[in-house]
Amino acid sequence: MPTIRVPTRNTAQAWRDAARGLVAGGVPPEDVIWQYGECADDLFAEAPTVPPTGDLRVPKSFVELTQNVCWHADPERFARLYALLWRLRDTPGLMSDRGDAGLAKLREMEKSVNRDKHKMKAFLRFREIDALNDTRRRFAAWFEPSHHIVEPLAGFFMRRFGDMDWVIVTPDLTATFTDGDVVFSDGQPKPPLPEDATEELWSTYFRNIFNPARLKIKAMQAEMPKKYWKNMPEAALIPELIASAETRVRQMQASAPTLPPVRAAKITERLMMDQEMPPPATDLEALRRDAGGCTRCPLYSDATQVVMGEGPLDAPLMIVGEQPGDQEDLAGRPFVGPAGQLFDQIAAEVGLPRDRAFVTNAVKHFKFTARGKRRIHQKPDAGEVQACRWWLDAERQLVKPGLILAMGATAAGALTGRAAGIMNRRGTFEETPDGTPVLLTLHPSYLLRVPNAQAKEAATRGFRADLAQAADWLKEHAA
Ligand code: URA
């Protein structure tokens, strides 16, 4: 019986080569013993006689699955992958069979690896150590991942921190990045790491993003499990912030809204722009939960909550506005304030049933400036729209609408990629980059703002005609 020992480095590629060889040699899963260990030379501890070649064709989704699951800590992972590969030879459609227990287990393992990667990217903290030369600063970090993810994440850290030298130490593997090259060596126990100036930066950042009014201790611990706290400078603040949360909420309620200090906003931008994301959730509740932790742009820090779309997931029509307003921010639902009420009224007049549509916004957090106790709407900038398009795209993937009604220039730009003014485009159809038709119209809040009566009437007429067009489309296309 062949025993295959998959190495601790270059694991995914080595597993693939071995599995190809086994399939080519006709070795069934029950005849293989998979082990994980040591170096690449040991790959075939008792080598099968078949070379790792052959004309094996597998779906791309299987290759992607192996590239994640191979880094899972479960010793069964290689055997499970091989069993799936074996069955794929006769059942090419297997990868899309949601009821298959073997595949479901592997998908669950893939999710766990992706979650672990996400945590490592978010919670790893570098501390400055002595430099090797005077051109590049040098940093070290200790981390305890649940899976073998240091190697697959090395590229991320190289891109993100390419201008400094660094060492990431884990119990399982050490990655050392010097002058643009990364080298892997054995894992080590936790080294003594100095505290440094970045500690203060992280603590300032955390103090500023911590919103006592939104304190949910269980959710916070689920998102940032306690096992990571000990390596995170800002985590030392958590007990104190939790203890003082109630008092701070009372103080916040009594005072006028304030703008975040400029320095905190800058730190936020510096640390949180440009982050990599795990694959989007495949149900709306999970997507909403994930979006609740979004820090892709600074808008989350002042808004009360994230406002995601609502409506049936099989809605043929999606309606997209700009961003939640003051009332939506408090209610947590899109289009419930004055603009939403005007939309509802005109939609009802032309026979467009809102409850048959999925209603959402291009940007999911309320952007405002404080004036006294009032919060005045501010238009989101291009970077914020771009950052939030990830969530809009995730909603589009879930709903897969046949038509999207884009209300206003922000929605039109987010969906079509064209920033041209909306006045000349309204009433016409354009497309998203992936080919979904987009009917363009004005934003209902524009109708509320136009001071000139004649212009207001003309804008309302146009808006009504556009909604009527969407209603006709719905009648034609919906069962
Ligand atoms: N304006 C929008 O664009 N969306 C809302 O949800 C409310 C007002």
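Please read these numbers as outputs of a predicted model, since none were measured by experiment.

Caption draft 1: Geometry of the overall build of the protein. In terms of regular secondary structure, the protein is built from 18 helices and 15 strands. Burial analysis of the protein (479 residues in total) assigns 47% to the buried set. Sequence separation of 24 or more characterises 72% of the internal contacts of the protein that already satisfy a separation of 6 or more.

Caption draft 2: View of the site of the ligand. The environment of the ligand is formed by G321, E322, Q323, P324, G325, E328, P334, F335, N361 and H443. In the environment of the ligand, an oxygen atom lies 2.6 Å from a nitrogen or oxygen atom belonging to the side chain of H443. In isolation the ligand offers 230 Å² of accessible surface; the protein chains occlude 93% of this area. Looking at side-chain class alone, the shell around the ligand contains three nonpolar, five polar and two charged residues.

Caption draft 3: View of the environment of Q323. Positionally, Q323 belongs in the loop between strand 9 (317-321) and helix 13 (326-331). Residues Q323 and K379, 56 residues apart in the sequence, show an inter-C-alpha distance of 8.4 Å. Residues in contact with Q323, not counting those within four places in the same chain, are N361, V363, H365, F366, K367, H377, Q378 and P380. A distance of 3.0 Å separates a polar atom in the side chain of Q323 from a polar atom in the side chain of H377.

Caption draft 4: Representation of the nonpolar core in the model. Membership of the largest hydrophobic core comes to 57 residues, with the highest contact counts inside it found for L317, I319, V320, F343, L352 and L467. With eight residues, the top contributor of residues to this core is helix 15 (residues 382-399). Residues contacting V320, with those up to four places away along its chain left out, are T360, N361, A362, L392, I404, L405, A406, M407, A411 and L415. Core analysis: the next-biggest nonpolar cluster, separate from the first, contains 50 residues, V32, W34, F62 and F78 among them.

Quick notes on the rules
Residues numbered from 1 in each chain as written. Predicted model: local features only at pLDDT ≥ 70, side-chain atom pairs only at ≥ 80, totals over all residues. Heavy atoms only, no water. Helix = DSSP H or I, 4+ residues; strand = E, 2+ residues; numbered from the N terminus. Buried < 20%, exposed > 50% of the residue type's maximum accessible area, 1.4 Å probe, protein only. Contact = heavy atoms within 4.5 Å. Near = heavy atom within 4 Å. Polar contact = N/O pair within 3.5 Å; in protein donor to acceptor, adjacent residues only side chain to side chain. Areas by Shrake-Rupley, 256 points an atom, 1.4 Å probe, with all protein chains shown as cover. Nonpolar A, V, L, I, M, F, W, Y, C, P; charged D, E, K, R; others polar. Core = buried A, V, L, I, M, F, W, Y, C linked by side-chain atoms within 4.5 Å.

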